[in-house]
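Observations on the model geometry
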Amino acid sequence: MMTQDPYLLTSNYRPLDGVYDELMESDGSIRSKYKFLVKSFQDLGPAELINRRRDADRILRENGVTYNIYQTDSPEAKERPWNLDLFPLIMESEEWRVLERGLNQRADLLDSLLRDLYSKRRILFEKKIPPELLYNASSFLRECHGMYESNHFLARNPALLFFVCDIIRAADGKFYVLNDRVQAPSGSGYSLENRIVLSRIFPSMYRDAMVHRVAIYFRSLRKALSQLAGVSNREPLIVLLTPGPGNETYFEHAYLAGYLGYTLVQGEDLTVRKNKVFLKTVEGLQQVDLILRRVDDLFMDPLELKGDSLLGVPGLLEAIRSGNVKVANPIGSSFLENRALLPFYPELCKFYLGEDLILPMAPTFWMGNPRDMQLVMDSPEKYVFKTVSRDDELEPVTFIELSGERKDFFLNLLKNQPKRFIAQEMIASATVPVLSENGFRPGRAIIRTFITSSGNGYQTMSGGLVRVSPALDDFFVTSQRGAWSKDLWILASEAQKEETLIVPKTESIGISRKSSGVPSRVADNLFWLARYMERSENQARIFREATFKVLQIEDNYEKEAIENVLRLVTHVTNSYPGFLGDDAKDLFAYPFKELQRLAGDKVLTGSLAFNVRHLVQASKSVRDRLSEDMKKNMLSLEDHLNQPIESYDALIDFLHKIIFNLSSLTGLSFENMSREAGWYFLELGRRMERSISLIFTLQGLFRWEQMQDRSSFENLLSINDIRITYNRRYRGKIDKQSVLDILLFDTSNPRSLAFQIERINECLKFLPNKEEKVTYSEDRVALQLYTMFKMKDIAILFAEAEPNTIIASWLEEMHEQLRILSETISMRYFNYAEEQTRIGDMNG
């Protein structure tokens, strides 16, 4: 157990001899910049540090901060919680200013290189790099030649809007550049989230440390994007293009879109018409001015680049050439990530900028150069070998870890394909403190820095994302390999004012009560999100009623009630034969295993867990549209799916939690969402699914001729949560006619079919892109549905000679009409048919 010794946190900290350590001087004393922080952490005490650790994990979990892992086939295993070390890495302003100058210079260098590569290519004429390095690279896109010269804005302003640079502090204390990320760099959103979490769990410590704010970077980024959009007479439409929820950094895409105020889109949300890019929304097509992309170059335009890409937009390159849309960073910039360029940067800096490179590179050699190859192979154990292309699937290797057949294979590969590899000297990096249960321990770290264009050059974020590994022999510190993260605090000489993205008083902002448009894909996902919510809740209520009946069995009456509701479980999960099969007698005697399977099996189509899982997946596709409370509810639902169900008590607990969370989601969506287009699709999905679920339940009971006994009536009332009202009205009496009336025709019952039909018609009036005095396809179908319903009444139905047959037939007609309405809405709002032009005559 820890005591309050002021240096106890460092008592087990043992930096390596001869290696620069971020926390301690060579004599073992704490560096002055860390003294305040170490004392503050120590003063909190071990118990409070554990509490703060739990608070940080809870905040990250509630905020849905994850990093997806590709190397697995399991959808659940892909998503890994974000790990944050509570003890930040600290730099003082003086040492940061040196880094800042070097990073800004590097931005100017990369921008100059990018412009030259796709225009005059002086770099080749002056023989600064071998021609094969450029022309053999798949990342050099000939389709982009001349693109920056033809664009007047890019001809006057930086083509490279932002990039990230990974740096390392070596054992000698100096900083070295490892690599750059340019085309779709990630990490800034995670850095911002790290800062927000630490400032919440250590508010006074963060304030007293006088840390530079990172919001200035995002304000500069947003301003630069607005300028690049080149629109002056209106607010530009800027979208953030993501590969989708399966991408490793999808959390960041949704997070940044919400933070910057941009629409999060996928490739299918965009279309090119007459060399202009449009966002497909339920309100109609809206012209896009700028695409902030998180999709790699080759996937951006399947028409001219990678033909099988489903992530990009066909025709996008031609729209860019025409000057009708801007893309940040420019397509073609991926060549700047080619590792074979790294050895040439010192000379390129002198060539383009007339300056020496401020930030040195980690010694790097291109194996396509025979002299470099000979130099490296004289002592290969000193180097890590990497492919020149980031798209190459071959992992970095060292000769230290190679032996036997693996070593022979790699040597043969290196001999036959030398131009495919670079060798980078393994720099012994400085050690950094990592907070563990037993105090600090040393680890290895890589610092990711973020640079963006500003009004007068480039600006570096005063902070960064630190990835850290507690393993001192780990030379590959990456998030994919499980590295933790740290926040980077740059200490200021005076207190810092709060910085936000709120518009300054000097700028005016027009009042708007209209949304920017809901992409058709988003509307589709909201529609099905609500349907899965209702479907799951209806199933959970039926499961709960069945479980209660099993546990309350007393006499033959109860046995009959059990069989009726268990048959309903099979019916609503479509898991035939189940409790309706020939061997149902055995299942009735021991129903738990079947209930357990149908409730908790996430891969069984139709099960409760299956539908809840699809609900959670749909929510991730519209994450940027959900409130924080709704996200937390979704997170709870996902947690419940991992809850073991080993007994009836556990099953009831599981069902209670599912129903509670789903009811909370319904309430939050009703009370906390603005009545814009997206909400009406959500409401339509809810009302249509509730109608279908009620009809489907009744159809099952009519099919088995179980709508004759009291137990079925009581089951229906309990499942639809209307039993108290019914008993109050009819004072304990119960019959088929009154039960069907309250479930089908009573508009005061929010779960009745009548209530759903009324709400469906009301919502249709508010769907977008409608003109007055025009009847649209969905309106006609809804009118037929409404008329079909209004033509019947409980008295009319029971006046027939065979009411059960008539009711069953009428329910089937209503079910079919609801299906047609769903398809009609989908065709009109969720699917865009592209304009087609016939080439040639009918004979080809």
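Residues numbered from 1 in each chain as written. Predicted model: local features only at pLDDT ≥ 70, side-chain atom pairs only at ≥ 80, totals over all residues. Heavy atoms only, no water.

1. Observations regarding the overall build of the protein chain
What counts here: Runs of E in the DSSP output that reach at least two residues are strands. Runs of H or I that reach at least four are helices, and both are numbered from the N terminus. A radius of gyration in this sense is built from C-alpha atoms; the matching globule rule multiplies 2.2 Å by the number of residues raised to 0.38. Between buried and exposed lies partly exposed: a residue is buried under 20% and exposed over 50% of the maximum accessible area for its type, with that area taken using a 1.4 Å probe on protein chains only. Should any heavy atoms of two residues lie within 4.5 Å, those residues are counted as being in contact. Method for areas: the Shrake-Rupley scheme with a 1.4 Å probe, in which residue coverage is limited to the protein chains shown. Charge counting follows a simple rule: Lys and Arg are positive, Asp and Glu are negative, and His as well as the terminal groups are ignored. In plain terms, the charge of a residue is placed at NZ if it is Lys, CZ if Arg, CG if Asp and CD if Glu.
Within the protein chain one finds 30 helices and 21 strands. For the protein chain, the C-alpha radius of gyration of 32 Å lies close to 28 Å, the compact-globule estimate for 844 residues. By residue count, 57% of the 844 residues in the protein chain fall in the buried class. Considering only contacts within the protein chain whose residues lie at least 6 apart along the sequence, 71% involve residues at least 24 apart. Carbon and sulfur atoms form 50% of the exposed surface of the protein chain, whose accessible area is close to 37,700 Å². Distance between charge centres in the protein chain, computed from 106 positive and 116 negative side chains, equals 3 Å.

2. Details of the nonpolar core
Note the threshold: Put simply, a nonpolar core is a bunch of buried Ala, Val, Leu, Ile, Met, Phe, Trp, Tyr and Cys residues held in one set by side-chain atoms that sit within 4.5 Å of each other.
The biggest cluster of nonpolar side chains holds 140 residues, and the ones touching the most others in it are Phe41, Ile291, Ile331 and Tyr345. If you tally residues by element for this core, the top one is helix α3 (residues 93–117), at nine residues. Ignoring anything within four residues of it in the chain, the contact list for Phe41 reads Leu9, Leu49, Leu86, Phe87, Phe202, Met205 and Leu435. Among the nonpolar cores identified, the runner-up in size contains 101 residues, and Val518, Ile542, Leu637 and Ile658 belong to it.

3. Focus on the pattern of salt bridges
Where we set the bar: The working definition used for a salt bridge is a side-chain nitrogen of Lys or Arg within 4 Å of a carboxyl oxygen of Asp or Glu.
Per the stated rule, a full pass over the model turns up 53 salt bridges. When salt bridges with common partners are traced through the structure, they connect Glu22, Lys33, Glu95 and Arg169 into a single cluster.

4. Overview of the confidence of the model for the protein chain
For clarity, the threshold we go by: What pLDDT expresses is the predictor's confidence in each residue, scored from 0 to 100.
When pLDDT is averaged along the protein chain, the result is 88, and 91% of the positions lie at 70 or above. Note on residues 72–77: pLDDT under 50 across the span, and four contacts to partners over four residues away in sequence or across chains. Every residue in residues 835–844 scores below 50 in pLDDT, and together they form one contact with partners more than four places removed in sequence or on other chains.

5. Overview of the sheet that holds strand β10 (residues 284–287)
Put simply, the test is: A strand pair is defined by DSSP finding two or more bridges across the two strands. Axes here refer to lines fitted to C-alpha atoms; in helices the fit is confined to the stretch in contact. Angles between the N-to-C directions go from 0 to 180 degrees.
An order of β8-β9-β10 is seen for the three strands of this open sheet, with the pairing classed as antiparallel. The open sheet terminates on both sides in strands that have one partner only, identified here as β8 (270–273) and β10. Averaged over all neighbouring strand pairs, the angle between strand axes comes to 40°, with direction disregarded. Across four bridges, β8 lies against strand β9 (residues 276–281) in antiparallel orientation. Residue pairing across strands places Thr271 opposite Phe278, the latter belonging to β9.

6. Examining the packing of aromatic side chains
Here is the rule: The pairing test for Phe, Tyr and Trp rings, Trp by its six-membered ring, is centres within 6.5 Å, and the orientation test on the planes gives stacked under 30 degrees, edge-to-face over 60, and tilted for anything in between. Whether a charge lies above a ring is judged from NZ of Lys or CZ of Arg, which has to be within 6 Å of the ring centre and within 35 degrees of the ring normal.
Tallying each qualifying case throughout the model produces 36 aromatic pairs. Ring geometry for Phe140 versus Phe335: centroids 6.3 Å apart, planes at 75°, classification edge-to-face. With Phe140 in the loop between α5 (131–135) and α6 (147–150) and Phe335 in the loop between β12 (326–328) and α13 (345–353), this pair connects stretches of sequence that are 195 residues apart. Each member of the pair, Phe140 as well as Phe335, carries the same accessibility label: buried. Centre to centre, the rings of Tyr726 and Tyr730 are 4.6 Å apart; their planes meet at 40°, and the pair counts as tilted. Highlighted residues: Tyr726 and Tyr730, both in helix α25 (residues 723–730), separated by four residues, approximately one helical turn. Its relative accessible area of 29% is what places Tyr730 among the partly exposed residues. Aromatic rings pair up to connect Phe527, Trp528, Tyr532, Phe681, Tyr829 and Phe830 into one cluster. Seen from the ring of Phe670, Arg675 lies directly overhead, with NZ or CZ sitting 5.1 Å from the centre. Over the face of the ring belonging to Trp679 we find Arg675, whose NZ or CZ atom lies 3.8 Å from the ring centre.

7. A look at the environment of Arg828
Applicable threshold: By the criterion applied in these results, polar contacts are pairs of N or O atoms within 3.5 Å in which, for protein atoms, one can donate a hydrogen and the other can accept it, and in which residues neighboring in sequence qualify only through two side-chain atoms.
Within the secondary structure, Arg828 is located in helix α30 (residues 803–830). C-alpha of Arg828 to C-alpha of Ser520: the two residues are 308 residues apart in sequence and 9.7 Å apart in space. Not counting the four nearest positions on each side in its chain, Arg828 is found in contact with Pro768, Asn769, Lys770, Tyr776, Ser777 and Glu778. At 3.0 Å, the side chain of Arg828 forms a polar contact with the side chain of Glu778. Within the structure, the side chain of Arg828 is placed 3.2 Å from the side chain of Tyr829, a separation counted as a polar contact.

8. Here we look at the sheet that holds strand β7 (residues 263–265)
Judged by pairing direction, the sheet is parallel, and its four strands sit side by side in the order β7-β6-β11-β12 without closing on themselves. A single partner strand is all that each edge strand has here, and the edge strands are β7 and β12. This sheet shows a mean twist of 30° between the axes of neighbouring strands, independent of strand direction. Contacting β6 (238–241), β7 and β11 (290–293), helix α11 (residues 250–260) runs over the sheet at an angle of about 150° to β7.

9. A look at helix α27 (residues 753–764)
Worth spelling out the cut-off: By definition here, a helix of n residues has an expected span of 1.5 Å times n minus one.
With 12 residues, α27 should cover 16 Å at 1.5 Å per step; its first-to-last C-alpha distance of 17 Å lies within 8% of that length. Buried within α27 are the following residues: Leu753, Ala754, Gln756, Ile757, Ile760, Asn761, Cys763 and Leu764. Close packing links the buried residues of α27 with α23 (677–703), α26 (736–744), α28 (777–790) and α30.

10. Looking at the packing of helix α10 (residues 215–229) against α11
Here is the rule: Note on angle classes: values under 35 degrees are labelled roughly parallel, values over 145 roughly antiparallel, values of 65 to 115 roughly perpendicular, and the remainder oblique. Three classes are used: nonpolar for Ala, Val, Leu, Ile, Met, Phe, Trp, Tyr, Cys and Pro, charged for Asp, Glu, Lys and Arg, and polar for all others, with Gly counted as polar.
Between α10 and α11, the least distance of the axes is 11 Å, while the angle of their chain directions is 75°. Taken together, the axes of α10 and α11 are roughly perpendicular relative to one another. Of α11, the residues touching α10 (which contributes Ala215, Phe218, Leu221 and Arg222) are Leu256, Tyr259 and Leu260. Classifying every residue of the contact of α10 with α11 by side-chain character gives six nonpolar, no polar and one charged.

11. Description of the side chain of Glu22
Relative to the assigned elements, Glu22 resides in the segment before α1 (32–62). The class of Glu22 is buried, set by a relative accessible area of 3%. Other than its neighbours up to four places away in sequence, Glu22 contacts Arg31, Lys33, Tyr34, Leu89, Ile90, Arg169, Thr431, Val432 and Pro433.

12. A look at α23
For α23, which comprises 27 residues, the first-to-last C-alpha distance of 39 Å matches the rise-based estimate of 39 Å (1.5 Å per residue) to within 8%. Of all 27 residues making up α23, 25 are buried, and the element is well covered by its neighbours.

13. Regarding the environment of Leu353
Within the secondary structure layout, Leu353 lies in helix α13. In this structure, the C-alpha to C-alpha distance between Leu353 and Asp108, residues 245 residues apart in sequence, is 7.9 Å. Excluding residues within four positions of it along the chain, Leu353 makes contact with Gln105, Asp108, Leu109, Ser112 and Leu348.

14. Remarks on the side chain of Gln424
Turning to its location among the elements, Gln424 is positioned in strand β16 (residues 421–425). Once residues within four sequence positions are removed from consideration, Gln424 is found in contact with Leu178, Leu342, Ala362, Pro363, Thr364, Lys382, Tyr383, Val384 and Lys386.

15. Topic: the environment of Val781
Tracing the backbone through its elements, the reader meets Val781 in helix α28. Taking relative accessible area as the criterion, Val781 reaches 9% and is therefore assigned buried. Sequence separation between Val781 and Ser822 is 41 residues, and the spatial gap between their C-alpha atoms is 9.6 Å. Once residues within four sequence positions are removed from consideration, Val781 is found in contact with Gln817, Ile820, Leu821 and Thr824.

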